[in-house]
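Descriptive analysis of the structure
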Amino acid sequence: GLVAGLIGLAIATLFMVLYYRLLGVAAMLSLVIAAMMLYTIIAYLGETRGLALTLSGVTGIIVSIGISLDSNVVYYEHLKEDVHNGRTLRSSVDRSFSSAFSTI
């Protein structure tokens, strides 16, 4: 499960960086920060509460990575569409976030 998750993450990282360029790098950085926080929580709970990471737990982590990337894709597509329709980048950011948030 871990190997499949790492392979999938590598493919998703490659796609995000190649397709979205700088926004893809930002998405990957936010994913790394979220992963570090999640690892800290899991390590803390494992040490203090005896939490054991099972296969279903690994699956849940992989699904949460997919949801996080999907959220970024939805937001970036709304942003690209608004900019393409003639809005400024600054006004598109707020409008795209509210549109993407309701979708997510």
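Residues numbered from 1 in each chain as written. Predicted model: local features only at pLDDT ≥ 70, side-chain atom pairs only at ≥ 80, totals over all residues. Heavy atoms only, no water.

1. Quick word on the side chain of Asp-82
- For Asp-82, the position within the fold is in helix α3 (residues 55-84).
- Leave out the neighbours within four places in its chain, and Asp-82 touches Arg-87, Ser-92, Arg-95 and Ser-96. (Helix = DSSP H or I, 4+ residues; strand = E, 2+ residues; numbered from the N terminus. Contact = heavy atoms within 4.5 Å.)

2. So, the packing of helix α2 (residues 22-48) against α3
- Two elements in contact, α2 and α3, have axes whose closest approach is 11 Å; the angle formed by their N-to-C orientations is 150 degrees. Compared by their axis directions, α2 and α3 come out roughly antiparallel. Here the hand of the crossing between α2 and α3 comes out right-handed. Note on element contacts: α3 touches α2 through Ile-61, Ile-65, Ser-68, Leu-69, Asn-72, Tyr-76 and Leu-79, opposite Leu-23, Ala-26, Ala-27, Met-28, Ser-30, Leu-31, Leu-38 and Ile-42.
- Here the contact of α2 with α3 is composed, by residue class, of twelve nonpolar, three polar and no charged. (Axes fitted to C-alpha atoms, helices over the stretch in contact; angles between N-to-C directions. Parallel < 35°, antiparallel > 145°, perpendicular 65-115°, else oblique. Left-handed = near helix turned anticlockwise from the far one by under 90°. Nonpolar A, V, L, I, M, F, W, Y, C, P; charged D, E, K, R; others polar.)

3. Remarks on the packing of helix α1 (residues 2-20) against α2
- Closest axis-to-axis distance for the α1/α2 pair is 5 Å, and the angle between their directions is 145 degrees. Residues Leu-9, Thr-13, Met-16, Val-17 and Tyr-20 of α1 lie in contact with α2, whose contacting residues are Leu-22, Leu-23, Gly-24, Val-25, Ala-27, Met-28 and Leu-31.
- Of the residues belonging to the contact of α1 with α2, the class tally is ten nonpolar, two polar and no charged.

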